[in-house]
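Okay, here's what each chain looks like letter by letter:
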Amino acid sequence: MARRTKAEAEATRVALLDAAEEVFFDKGVARTSLEQIARHAGMTRGAVYWHFRNKADLFRAMLDRVRMPFEELVGETDIGDATPLDTIRLGCRQGFKRLEQPQHRRVHAILLHRCEFFSDIDPQAMQAEMAGECLDALLGYFTAARDQDLLRDDVSPELATQLLQAVLSGLFHDWLRDSEAFSLLERGSQLVDAQLRLLGRDDASP
């Protein structure tokens, strides 16, 4: 009985998060109430408060479902004896694949385009937090590439990280504005490959 009750509670939580995604996407975060989310999920507002303290808590839980720690992305690929630069390439490609999934695309669109700063929700801080997780990992791989003499002499790991982050950020924002305009996986892979060739030594470029 207890096991079934726990499963039912988790199913309720998931249903509320799914409903929140849909309503946030349609109405925007600031204009969405917990009552609207509960009704959309076919539940009461009490069910929302049973699982989440407030709208900010629910919003963060929604974001947590699409977090993509770079090390996790790398772990999903068969890197074998890949160099640090190859590992970056493989991790980015895996990230592109995830981002093309409807839930990831929808939640990131909410964060970037349908969420204003209000109350205890700061979308810019949340964007910076999620980006920071990726940048720290990239810096580690670029540092390893420098130590293995794979980076150009005039490119530091910090500069390489900033340059790749600028490429990824611009690509992602362009794609979210019109996700049907191009394949994120295809164009993203091309841009990352080109960037890594520019950053790598001529005799060690991917």
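Residues numbered from 1 in each chain as written. Predicted model: local features only at pLDDT ≥ 70, side-chain atom pairs only at ≥ 80, totals over all residues. Heavy atoms only, no water.

An unreviewed UniProt entry annotates the protein as TetR/AcrR family acrAB operon transcriptional repressor of Halomonas organivorans.

Take the UniProt feature "DNA-binding region" (unreviewed entry) in the protein next. According to UniProt, the positions carrying the feature "DNA-binding region" (unreviewed entry) are residues 33–52. Strand forms 0% of residues 33–52 and helix 70%; the C-alpha atoms that close the span are 13 Å apart. (UniProt positions renumbered as here; feature names shortened; annotations may be inferred. Helix = DSSP H or I, 4+ residues; strand = E, 2+ residues; numbered from the N terminus.)

This part takes up the packing of helix α8 (residues 123–147) against helix α9 (residues 157–177). With their axes 8 Å apart at the nearest point, α8 and α9 run at an angle of 135 degrees to one another. Our classification of the angle between α8 and α9 gives oblique. As α8 packs across α9, the resulting crossing turns out to be right-handed. Touching L135, L138, L139, F142, T143 and R146 of α8 are P157, E158, A160, T161, L164, Q165 and L168, all from α9. Class assignment of the residues belonging to the contact of α8 with α9 gives a composition of eight nonpolar, three polar and two charged. (Axes fitted to C-alpha atoms, helices over the stretch in contact; angles between N-to-C directions. Parallel < 35°, antiparallel > 145°, perpendicular 65-115°, else oblique. Left-handed = near helix turned anticlockwise from the far one by under 90°. Contact = heavy atoms within 4.5 Å. Nonpolar A, V, L, I, M, F, W, Y, C, P; charged D, E, K, R; others polar.)

Here we take up the layout of surface pockets. The computed volume of the largest pocket comes to approximately 650 Å³. As for the largest pocket, its lining consists of 26 residues, of which M68, M130, A131, C134 and F172 are closest to the centre. Secondary-structure elements contributing two or more residues to the lining of the largest pocket are α5 (70–75), α6 (84–99), α7 (102–113), α8 and α9. Ranked by residues supplied to the lining of the largest pocket, first place goes to α8 with seven residues. Residues that form the lining of the largest pocket fall into these classes: 17 nonpolar, seven polar and two charged. (1 Å grid on protein atoms, 1.4 Å probe; cavity = no way out; pocket = protein on both sides within 12 Å on 5 of 7 lines; lining within 4 Å. Points joined across faces, edges and corners; volume = space filled by probe spheres on them.)

Counting across every chain of the model gives 21 salt bridges. Among the salt bridges present, the one from E35 reaches R39, with a minimum N-O distance of 3.7 Å. Residue E35 and its partner R39 are both found in helix α2 (residues 34–40); the two are separated by four residues, about one turn of the helix. D149 is paired through a salt bridge with R201; the nearest N and O atoms lie 3.7 Å apart. Of this pair, D149 sits in the loop between α8 and α9 while R201 sits in the segment after α10 (184–199); the two residues are 52 residues apart in sequence, bridging distant segments of the chain. Relative accessible area serves as the criterion here: at 41%, D149 is assigned to the partly exposed category. Taken together, the shared-partner salt bridges connect R60, D64, R67, E129 and E133 into one network. (Salt bridge = Lys/Arg side-chain N within 4 Å of Asp/Glu carboxyl O. Buried < 20%, exposed > 50% of the residue type's maximum accessible area, 1.4 Å probe, protein only.)

The subject of this paragraph is α7. With 12 residues, α7 extends 16 Å between its outermost C-alpha atoms, agreeing within 8% with the 16 Å of an ideal straight helix rising 1.5 Å per residue. Those residues of α7 that sit buried are H104, V107, H108, A109, I110, L111 and L112. (Expected span 1.5 Å × (residues − 1).)

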